[in-house]
Amino acid sequence: STTDADFTAGGDQVVFAAGGELWWIGKAGEKAVRLTETAEAESNPRFSPDGNWLYFLKDDGLVTTGPRARFKDGVLTDEMTVMSDKRQITGFRPSPDGGRVAWIAGRGDVFTANADGTEARLVYPCWDRPTFDWSADGRWLAVAAEDKNANRDILLVAADGKRKPVNLTRHPAFEGSPRWSPDGRSLVFSARRDADGRSRLWRIRIDKDGLKKSPTARRAGEKAEKLDTGDTEPTRVIWTADSSKLLFQSKKASDRRLHSLDLSSSRMEVLAEK
């Protein structure tokens, strides 16, 4: 009944949710240790980048809250509420720099706050549940959201909410699943822009200094380039740590292979058969 899991930065420890509780494995081969034992259902564990804090959701059947607790050697202490809303909380994630956290409340409103929950603010109101990804410096969110005409685009949203969101793609085709590179210089997303209706990956190259000006960000979006993934429709896309490659699987259910695309050479290869 495992539903969610997250690893520490070193990849040597994992916390996962199962049966409404959180569990910890300290190293490969060790038996899982129970971290929580409460009347509420805990889920969606997420480590802070430094591994010192563990964020998670807690649901009592009426209200969902998002606490964080200090994490050390499989023990949780100093629990405090970071996210709170009368509506359901979903899709939360700490920023890569550790300074902020973002989440979705209700049908799709995107909120951010400092890592300790202070200065919470609505940064992007949305009627339909969007997806988002953090920039490496924690200053921006790439948000895939539908407008009133049910067209999904990729928007650049300031994490402090002090700038008006910028529509990067402005295209009538479906665009979603934004993934920001670890170095902050590229943003990839999936789009059905071709006549055959198949989903393909597109890349926006971003000058981080230029994000301060909306026209510059828009021009970057207009120069989005299609990546060659052959006949494969990518899904579950992630970046390698050095921002040089993309890893993904195929939307085709019968193809469970793990693919790799080198962005410098455009070479695509299979890393694992299953």
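Refer to the preceding data block for the structure.
This structure is a prediction, so every number in the text was calculated from the model and none was measured. (Residues numbered from 1 in each chain as written. Predicted model: local features only at pLDDT ≥ 70, side-chain atom pairs only at ≥ 80, totals over all residues. Heavy atoms only, no water.)

Caption draft 1: How the structure looks around the overall build of the protein chain. Counting its secondary structure elements, the protein chain contains one helix and 24 strands. Radius of gyration (C-alpha) of the protein chain: 19 Å, near the 19 Å computed for a compact globule of 274 residues. When the backbone C-alpha atoms are referred to their principal axes, the protein chain occupies close to 50 × 45 × 30 Å. Here the protein chain holds 274 residues, and the buried ones make up 48% of them. Put simply, 33% of the contacts in the protein chain that link residues at least 6 apart link residues at least 24 apart. As presented, the protein chain carries roughly 14200 Å² of accessible surface, and 46% of it is formed by carbon and sulfur atoms. (Helix = DSSP H or I, 4+ residues; strand = E, 2+ residues; numbered from the N terminus. Rg over C-alpha atoms; globule rule 2.2 N^0.38 Å. Buried < 20%, exposed > 50% of the residue type's maximum accessible area, 1.4 Å probe, protein only. Contact = heavy atoms within 4.5 Å. Areas by Shrake-Rupley, 256 points an atom, 1.4 Å probe, with all protein chains shown as cover.)

Caption draft 2: Representation of the packing of aromatic side chains. This model, assessed by the stated rule, comprises three aromatic pairs. Plain terms: the ring middles of F47 and F71 are 5.1 Å apart, the flat faces sit at 75 degrees to each other, and that makes the pair edge-to-face. Linking F47 in strand β5 (residues 41-47) with F71 in strand β7 (residues 64-72), this pair joins segments that are 24 residues apart in sequence. Summarising the burial analysis for this pair, F47 and F71 share the class buried. Centroid distance W103 to F111: 5.8 Å. Interplanar angle 10 degrees. Geometry classified as stacked. Accessibility classification places W103 together with F111 in one group, the buried group. Through pairs of rings, three or more aromatic residues link up here, namely W24, F47 and F71. Over the ring of F174 we find R192; its NZ or CZ atom is 4.6 Å from the centre of that ring. (Phe/Tyr/Trp six-rings, centres within 6.5 Å; stacked < 30°, edge-to-face > 60°. Lys NZ or Arg CZ within 6 Å of the ring centre and 35° of its normal.)

Caption draft 3: Broad picture of the layout of surface pockets. Estimates place the volume of the largest pocket at around 990 Å³. D6, R93, P96, D133 and I238 are the residues nearest the centre of the largest pocket, which is lined by 26 residues in total. Of all the secondary-structure elements, those providing two or more residues to the lining of the largest pocket are β1 (2-7), β5, β9 (89-94), β13 (131-134), β17 (175-180) and β21 (234-239). Of the residues forming the lining of the largest pocket, the biggest block, four residues, is contributed by β21. Residue classes in the lining of the largest pocket are distributed as 14 nonpolar, six polar and six charged. (1 Å grid on protein atoms, 1.4 Å probe; cavity = no way out; pocket = protein on both sides within 12 Å on 5 of 7 lines; lining within 4 Å. Points joined across faces, edges and corners; volume = space filled by probe spheres on them. Nonpolar A, V, L, I, M, F, W, Y, C, P; charged D, E, K, R; others polar.)

Caption draft 4: Looking closely at the pairing of strand β12 (residues 121-124). Two strands pair when backbone bridges link them, and strand β11 (residues 109-114) and β12 are joined in this way by three bridges, in the antiparallel orientation. If you follow T112 over to β12, its bridge partner there is R121. What sits between β11 and β12 in their antiparallel hairpin is a turn of six residues, with G117 showing a positive phi close to 95 degrees. (Pairing = 2+ DSSP bridges.)

Caption draft 5: Quick look at the environment of G19. For G19, the location among the structural elements is in the loop between β2 (14-18) and β3 (21-25). On the basis of relative accessibility, which here comes to 64%, the residue G19 falls in the exposed class. Sequence-wise, G19 and E42 are 23 residues apart; in three dimensions their C-alpha atoms are separated by 8.6 Å.

Caption draft 6: Focus on the sheet that holds β21. The antiparallel open sheet is built from four strands, whose spatial order is β21-β22-β23-β24. Since the sheet does not close on itself, it has two edges, and those belong to β21 and β24 (268-272), each with one partner. Neighbour-to-neighbour, the strand axes of this sheet turn through a mean angle of 30 degrees, independent of strand direction. Two strands pair when backbone bridges link them, and strand β22 (residues 245-250) and strand β23 (residues 258-262) are joined in this way by four bridges, in the antiparallel orientation. Within β23, the residue paired with F248 across the bridge is H259. (Axes fitted to C-alpha atoms, helices over the stretch in contact; angles between N-to-C directions.)

Caption draft 7: Seen up close, the side chain of E21. For E21, the location among the structural elements is in strand β3. In this structure E21 comes out as buried when scored by relative accessible area, which is 6%. A distance of 3.4 Å separates polar atoms of two side chains, one belonging to E21 and the other to R34. Residues in contact with E21, not counting those within four places in the same chain, are F16, R34, T36, E37, T38, E40 and E42. (Polar contact = N/O pair within 3.5 Å; in protein donor to acceptor, adjacent residues only side chain to side chain.)

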